[in-house]
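# Remarks on the overall topology
Spelled out from the first residue to the last, the chains are:
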Amino acid sequence: MAKDESGAAQRPGSRPGSQIGARILAPVARELRIAGWLSVLSGALWPVQAAAIAWAVSGWAEGGAPFERAWITAGLFVLCAALRAGLEHRAGALLFDAADQTIARNRARLLTREARAPTDAGSARIASLTVQKLQLLQPWITRYHVAMMRASVLPLLLLLLATSQSWLVGLTLLIAGPLIPVFMALVGMAAEDASRRQMSEIGTMNDMLMDRLSAMLDIRLLGAADRTALDFSARAEALRASTMGVLKVAFLSSTVLELFSALGVAMVAVFVGFTLLGEIGFGGWGGGLTLGQGLFLLLIAPEFFQPLRDLAAAWHDRAAGFAVVAELDALDAADRRPVLGQVRRAVPLAGAISVQTRAARAALPGRVVPLPDLTLRAGQSLALTGPSGAGKSTALSALAGLVPLASGALSVCGTALDDTTADAWRERVALMPQRPHFSDETLGDWLDTRGTGADPAAALALADARDVVRRLPGGLEARLGETGGGVSGGEARRLLLARAIFTGADLILADEPTADLDAETAGRIIAALRNLQAEGRTIIVATHDPALAAAMDAQLELGQ
Ligand SMILES: Nc1ncnc2c1ncn2[C@@H]1O[C@H](COP(=O)(O)OP(=O)(O)OP(=O)(O)O)[C@@H](O)[C@H]1O
């Protein structure tokens, strides 16, 4: 459930239109307002241009000094046109800046928040929101808001001007005009639903794609390629149907709106034409219309409908924007697993390494996991052992400040590990995770997590991983992630260890560094860890491997 400012729970789609997006648009509200008024001002200059044309043409018809009028009209027309272009340009610049700022701010917010306090939303969902869907806020911000302001001011102004010349034309516009917003409101509901369905289909398709790509090997082994292709085609068909649903609503609404505005303009044109021919003798305030009045009315009638047509065209952008905002709101309301600190670079925590826990319990989503009482000083090594599920990995994560405590105490370097110390503490810690993950970058960049640009040769030597790099095509330039070449499980672990060493961290937390390895490879990793300890680093491993546990100074069994 999304929460409004007062904290009351709400369903994102159930809020009134004016409230949706108010939060994300608040920082650019001033720009949107200024851009709206600039555009309204530009629209209000058209009647001046129309009046000038009508005046010049009626001057020609009446004789007198037509050229003098033509020059004045041309000057006024060009001046207004230049002014309008300038105003529209400035409004456009403000709107696109506001849209870029909003998208960039929300993208940064999404990414930093996911780093600091991840949700259970899949990575595909976050990726499609940040890369694909947030971009849909741009047409909503740049087109809809300004169209709304124009539609609320300009038709009224033009209606007054038209009525001042002819009550009949005023009445015609007054009847034809409101049909457009009424119809738009009806279509708007359908458009919003269709957009939300399409948005959700895009998300499902992305989730499915990520999921199946990561399971490609299993799919081949299980001979499930055909079934996977069928699943994809069913989802693609659902996406096609939802996209067509959105297009259908868009085409239907624009057709009906064009019809209303064409009928309105045609009625004005017929009335003006017959009045000028002398067939109709009423409709103006003093009987018929002059040529100048008729021309003026003909020129402003289409402009009466234009802001309403623009608003109708932007209605779909509004629906798409609302769907994105609803998704952002849903993520805001989702349960999160907070990480201690701001997850940013900091000055390393001072003092000799020490770790101490007392009656600590880690808070995982939906459960708490007790941590062992331990005390460790600089240069010591410790093995956390115990059955699967005892909490070894959780303990390592908690020691790195990646999982908060539900109760108890955890101090590092003699100070409590909390939001204020976690970033500084992590500068001194390297975590070697259980499952290696290679991102799509060169091995050199992957090893150099802190972007120092230094040579990783010494770290590779300590981790016994020099031969791994030597064998890879391109050495440190090789890419292992995404479509890059692969390494064996043991090689990957040695590379992970090299990366942990290369950070220069004083405390290495290694999760199952020898799991699934043959005795010889495991022996090389154990030797590398001992080398590290001999160098003065502090080491904590979580392991089921008796040989590794025996190689540490002390063992602590969890889950007793
Ligand atoms: N993200 C999570 N959300 C909820 N519970 C979790 C989460 N991660 C782990 N757990 C639970 O916490 C408990 C401890 O898990 P943990 O991974 O720390 O055990 P472990 O001793 O490292 O196991 P293994 O030896 O199999 O790696 C388990 O019962 C596990 O189901």
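This one's a predicted model, so the numbers in the text were calculated from it and none came from an experiment.

### Comments concerning the site of the ligand
- The environment of the ligand is made up of 13 residues, and the closest members are Leu364, Ser388, Lys392, Ser393 and Thr394.
- For the shell around the ligand, the secondary-structure elements that each account for two or more residues are strand E4 (367-370) and helix H11 (392-399).
- In terms of residues, the shell around the ligand owes the most to one element, H11, which gives 3 residues.

### With respect to the environment of Leu556
- Summarising the element assignment, Leu556 is placed in strand E12 (residues 554-557).
- Assessed through the 19 C-beta atoms surrounding it within 10 Å, Leu556 is described here as partly exposed.

### Overview of unusual backbone geometry
- Of note in this structure, Ala359 is not a glycine but carries a positive phi near 50 degrees.
- Residue position: Ala359 is located in strand E3 (residues 354-364).
- On the basis of neighbour counts, which here come to 11 C-beta atoms within 10 Å, the residue Ala359 falls in the exposed class.
- A positive phi is found at Glu512, a non-glycine position, where the angle reads about 50 degrees.
- Looking at the element boundaries, Glu512 is found in the loop between strand E10 (507-511) and helix H17 (519-534).
- Overall, Glu512 belongs to the buried group, with 21 C-beta atoms counted inside 10 Å.

### Re the packing of helix H3 (residues 46-62) against helix H10 (residues 291-333)
- Between H3 and H10, whose axes approach to 8 Å, the crossing angle comes to 150 degrees. Taken together, the axis directions place H3 and H10 in an arrangement best described as roughly antiparallel. H10 is crossed by H3, and the crossing has right-handed handedness. Of H10, the residues touching H3 (which contributes Trp46, Pro47, Ala50, Ala51, Ile53, Ala54, Trp55, Val57, Ser58 and Ala61) are Leu291, Gly292, Leu295, Phe296, Leu299, Ile300 and Glu303.
- The class makeup of the residues in the contact of H3 with H10 is 14 nonpolar, 2 polar and 1 charged.

Quick notes on the rules
- Residues numbered from 1 in each chain as written.
- Predicted model: local features only at pLDDT ≥ 70, side-chain atom pairs only at ≥ 80, totals over all residues.
- Near = placed C-beta within 6 Å.
- Helix = DSSP H or I, 4+ residues; strand = E, 2+ residues; numbered from the N terminus.
- Buried ≥ 20, exposed ≤ 12 C-beta atoms within 10 Å, placed from the backbone.
- Axes fitted to C-alpha atoms, helices over the stretch in contact; angles between N-to-C directions.
- Parallel < 35°, antiparallel > 145°, perpendicular 65-115°, else oblique.
- Left-handed = near helix turned anticlockwise from the far one by under 90°.
- Contact = placed C-beta atoms within 7 Å.
- Nonpolar A, V, L, I, M, F, W, Y, C, P; charged D, E, K, R; others polar.

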